Amino acid sequence: IKARNNLSDDDDDSLFNGIGTLVVLERGINRKIKDQPVSDKLKEYKKSEYESVRNLNIKLESGLEWDKDAVEMRATEEYNKLFHFMESDVCKCMAI
């Protein structure tokens, strides 16, 4: 991806193995697109029942530059979602 190509030797490669680049998909979609180019994956993202996947697809198709800053921003957004979920009453009820 463009973001990985823009890394310098000083950048942390783990950025591209983290939550900012991960997409949770339905099993069928994931199996179908696992080794396909990103452009083909975007077509399948539209079929996802997961709102987060459809929203990411909309951003990417509308011209979001998928670079280091975009990956870092998405990682922050995903960490925040997880944090708020873990602090929610829903999660606390599940732990009981």
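Whatever comes next refers back to the structure up there.
Residues numbered from 1 in each chain as written. Predicted model: local features only at pLDDT ≥ 70, side-chain atom pairs only at ≥ 80, totals over all residues. Heavy atoms only, no water.

Participant: Give a description of the layout of surface pockets that names residues and reports values.
Facilitator: Over the atoms, a rolling probe the size of a water molecule traces out where space has been left empty. Each pocket or cavity is described by its volume, and for the second largest pocket that value is around 180 Å³. Ile-19, Leu-22, Val-23, Val-24, Tyr-50, Ser-52, Val-53, Arg-74, Glu-78 and Lys-81 together form the lining of the second largest pocket. Looking at the lining of the second largest pocket, the elements that each hand over two or more residues are helix H4 (51-61) and helix H5 (68-87). The greatest single-element share of the lining of the second largest pocket, amounting to three residues, is contributed by H5. Taken together, the residues of the lining of the second largest pocket break down into six nonpolar, one polar and three charged. (1 Å grid on protein atoms, 1.4 Å probe; cavity = no way out; pocket = protein on both sides within 12 Å on 5 of 7 lines; lining within 4 Å. Points joined across faces, edges and corners; volume = space filled by probe spheres on them. Helix = DSSP H or I, 4+ residues; strand = E, 2+ residues; numbered from the N terminus. Nonpolar A, V, L, I, M, F, W, Y, C, P; charged D, E, K, R; others polar.)

Participant: Let's hear about helix H3 (residues 38-45): which residues, and what values?
Facilitator: Among all positions of H3, only Leu-42, Glu-44 and Tyr-45 are buried. Along H3, the residues classed as buried sweep out an arc of 165 degrees about the axis, all on the same side. In this structure, the buried residues of H3 make contact with helix H2 (27-33) and H4. (Buried < 20%, exposed > 50% of the residue type's maximum accessible area, 1.4 Å probe, protein only. Arc of directions from axis to C-beta. Contact = heavy atoms within 4.5 Å.)

Participant: Quick one: what's the story with the nonpolar core, residue by residue and with numbers?
Facilitator: Leu-25, Ile-33, Tyr-45, Leu-60, Trp-66 and Val-71 are the most contacted members of the largest nonpolar core, which has 13 residues in total. Only H2, H3, H4 and H5 provide two or more residues apiece to this core. Among the elements that take part in this core, H4 stands out by supplying three residues, more than any other. (Core = buried A, V, L, I, M, F, W, Y, C linked by side-chain atoms within 4.5 Å.)

Participant: Outline the pattern of salt bridges, listing residues and values.
Facilitator: Applying the stated criterion to the full structure yields six salt bridges. The closest approach of N and O atoms between Lys-32 and Glu-44, which form a salt bridge, is 3.4 Å. Pair noted here: Lys-32 is in helix H2 and Glu-44 is in helix H3, with a separation of twelve residues, a long-range link. On the accessibility criterion, Glu-44 (10% relative accessible area) is buried. Lys-46 serves as the salt-bridge partner of Glu-61, at 3.5 Å between the closest nitrogen and oxygen. Taken together, the positions of Glu-61 in helix H4 and Lys-46 in the loop between H3 and H4 put the pair 15 residues apart, joining distant regions of the chain. Judged by its relative accessible area of 44%, Glu-61 is partly exposed. (Salt bridge = Lys/Arg side-chain N within 4 Å of Asp/Glu carboxyl O.)

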